[in-house]
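# Working through the structure, step by step
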Amino acid sequence: MAKIIVVTSGKGGVGKTTTSASFATGLAARGHKTAVIDFDVGLRNLDLIMGVERRVVFDFVNVINGEATLKQALIKDKQLDTLYILAASQTRDKDALTQEGVERVLNELAQSFEYIICDSPAGIEKGAFMAMYFADEALVVTNPEVSSVRDSDRVLGILSSKSRKSEGGDGKVREHLVLTRYNPARVAKGEMLSVDDVKEILAIPLLGVIPESQSVLTSSNAGVPVIREENSDAGLAYQDLVARFVGEERTHRFLAAPRKGLLGKLFGSQ
């Protein structure tokens, strides 16, 4: 039976689409047949990060409206036969997503895929609600700053009260914390919340801590999910995150600032 996982947050720009792309790629690389859907109707960024923007002919809304079949709209990843992308529309508004239409597409995907990853838009408007409503599990992405954590807390309230699971009395959405753009040196200076601070506020299990890294931007610009950059801290952190999700034990890395060398200590370099 397919598992539907939403990647969500209350605040924009925290790394949801980066996380969706790397999470889906990581699951597919482990042999799990995975589909990732862009719910951000009107903007559309997932196809850019996945490197398939030139291959989009039909999109999510086309399938919902019966203007294309799901088979026509799904784009197979060039490197992984187990990974497929369903792009968002750039020309429609978010009202184009209907609950019945989204459910129909998810049910059809569930017949062929193990994991369906829903890349949610920011905020709590219709597109975000549609991405969250049908979820079995949620990756709640936040930065280590007060406004981002506060907005994520609001999203947790929606997941616990307005999802299909909660409405049907069928348990609750299983929640996972993903902390992005983490910089231990700035935490030590009091410029960012610590991992423990965020865990205490949100009170959900920590799945992964992604360090602040130039490789995230570089990979996005190149149309390559950063998890494929095996020499980058961020890529390794996403690999660890996927491993934990499928049940492997992995120690959290990148939580402490690198120790200064002798010259750094002598000359007080930052």
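To be clear, the structure that these remarks concern was listed above.
The notes below deal with the structure included here. Keep in mind that this is a model prediction, so the values were computed, not measured. (Residues numbered from 1 in each chain as written. Predicted model: local features only at pLDDT ≥ 70, side-chain atom pairs only at ≥ 80, totals over all residues. Heavy atoms only, no water.)

## Some points on the side chain of Ser9
Going by this rule: Counting from the N terminus, the helices are DSSP H or I runs at least four residues long and the strands are E runs at least two residues long. Whether a residue is buried, partly exposed or exposed follows from its accessible area with a 1.4 Å probe, protein chains only, as a fraction of its type maximum: under 20%, in between, or over 50%, in that order. Throughout this description, a polar contact denotes any pair of N or O atoms lying within 3.5 Å of each other; where both atoms belong to protein, one of them has to be capable of donating a hydrogen while the other can accept it, and for residues adjacent in sequence the pair is counted only when both atoms sit in side chains.
For Ser9, the location among the structural elements is in the loop between strand S1 (3–8) and helix H1 (16–29). Residue Ser9 is classed as buried on the basis of its relative accessible area of 0%. A distance of 2.8 Å separates the side chain of Ser9 from the backbone oxygen of Lys11, its partner in a polar contact. Here the side chain of Ser9 touches Lys16 through a polar contact of 3.2 Å, side chain to side chain.

## So, the layout of surface pockets
Stated formally: Using only the protein atoms, space was sampled on a 1 Å grid; points where a 1.4 Å probe fits but cannot get out form cavities, open sets with protein on both sides within 12 Å along at least five of seven lines form pockets, and lining residues are those with an atom within 4 Å of a point. Grid points are joined across faces, edges and corners, and a volume is the space filled by probe spheres set on the points. Each residue gets one label: Ala, Val, Leu, Ile, Met, Phe, Trp, Tyr, Cys and Pro are nonpolar, Asp, Glu, Lys and Arg are charged, and the others, such as Gly, are polar.
Of the pockets and cavities examined, the largest pocket occupies roughly 490 Å³. The wall of the largest pocket is formed by 24 residues, among which Gly13, Gly15, Lys16, Thr18 and Arg181 lie closest to the centre. Of all elements in the fold, only H1, strand S7 (174–182), strand S8 (206–211) and helix H11 (214–222) reach the threshold of two or more residues within the lining of the largest pocket. Across the lining of the largest pocket, the residue classes tally to 9 nonpolar, 11 polar and 4 charged.

## Examining unusual backbone geometry
Even without a glycine there, the phi angle at Arg44 is positive, about 65°. Along the chain, the position of Arg44 falls in the loop between strand S2 (34–38) and helix H2 (46–49). A positive phi angle is found at Ala203, which is not glycine, with a value near 55°. Along the chain, Ala203 falls in the loop between helix H10 (195–202) and S8.

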